[in-house]
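Here is how the chains run, residue by residue.
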Amino acid sequence: TPFIAVQLLDPTYIKSEIASRATAATGRTMTIDGDVELTAYPWLGAKLGRVTLGNADGFDAPFFARIEGASVRVKLLPLLDREVQMDTVTVNGLELNLSRTADGQTNWDDLAAPKAGAQPSSGADGQPLAALALGGVQVTSGRINWRDSVAGRSTTIADLALKTGALSVADLNASAPAVDVETSFTLTHNAPALRAAVKLKTRVRYIGEPEAIEAQALELA
């Protein structure tokens, strides 16, 4: 049974497998601290402690991204019908260090570049997914550091909290329905010098053709 299978899995092996696959996919070193907690039925899930993704070569920050903890769960039985039904993905203590050098290179250029042999989302045997449902995304205690050596500017977003509504896509090639988005953070910028507490609430919709993001019922303070 799924429960027995999860009980037999070695958390050390799971950590190593996740880290090695992420490293192979990104070309960056990923480290996972602490154990990986697994659940089996009716949700197949994992709970992680601190996870760190290394920075690109030539950039000063000690890491590109780090989280203090995260959890993700997928309903087990719908997977048999190629339906991915996920619970709310929670991320705590997210920190991103984004940089652009004086010659215009960024530390995410290599991550954004198309990977050789990349294929559309599919099942393990290459068949396309039938549906995708995400219960939402919740981020707490986030921080984003942005340093632009071209413009001589730096920006920090601290105390970031983000919460989204559910997303359900029956046709992965179609435009997504509108999703509730709520966020708050403290913004600090050096040129011009400013500091502001920001709160934002809206409904966001991705439009596939032409590619665009539409914000509805926008509330900004």
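It should be noted that the structure appears before, not after, this text.
Residues numbered from 1 in each chain as written. Predicted model: local features only at pLDDT ≥ 70, side-chain atom pairs only at ≥ 80, totals over all residues. Heavy atoms only, no water.

Novice: When you look at the overall build of the protein chain in this model, what are you seeing that I'm missing?
Specialist: Across its full length, the protein chain holds 3 helices and 16 strands. The 221 residues of the protein chain split such that 30% are buried. For the protein chain, contacts bridging at least 24 residues in sequence account for 52% of all contacts bridging at least 6. Surface summary for the protein chain: the accessible area is close to 13600 Å², and the carbon and sulfur share equals 57%. (Helix = DSSP H or I, 4+ residues; strand = E, 2+ residues; numbered from the N terminus. Buried < 20%, exposed > 50% of the residue type's maximum accessible area, 1.4 Å probe, protein only. Contact = heavy atoms within 4.5 Å. Areas by Shrake-Rupley, 256 points an atom, 1.4 Å probe, with all protein chains shown as cover.)

Novice: I keep staring at unusual backbone geometry and nothing clicks. Help me out?
Specialist: Residue Pro-192 is bonded to the preceding Ala-191 through a cis peptide linkage, with omega at 0°. Despite not being glycine, Asp-159 shows a phi value in the positive range, around 50°. With respect to the secondary-structure elements, Asp-159 resides in strand β12 (residues 153–164). In this structure Asp-159 comes out as exposed when scored by relative accessible area, which is 58%.

Novice: Just to check I follow, could you spell out the nonpolar core for this structure?
Specialist: Nonpolar side chains tend toward joint burial in soluble globular proteins. Judged by nonpolar contacts, the single largest core of 15 residues is most densely connected at Met-30, Val-51, Leu-53, Ala-65, Ile-67, Val-91 and Leu-94. Among the elements of the structure, β1 (30–32), β4 (51–53), β5 (65–67) and β8 (89–92) are those that each provide at least two residues to this core. Apart from residues no more than four positions distant in its own chain, Leu-94 is found in contact with Arg-66, Ile-67, Val-139, Thr-140, Ser-141, Gly-142 and Arg-143. (Core = buried A, V, L, I, M, F, W, Y, C linked by side-chain atoms within 4.5 Å.)

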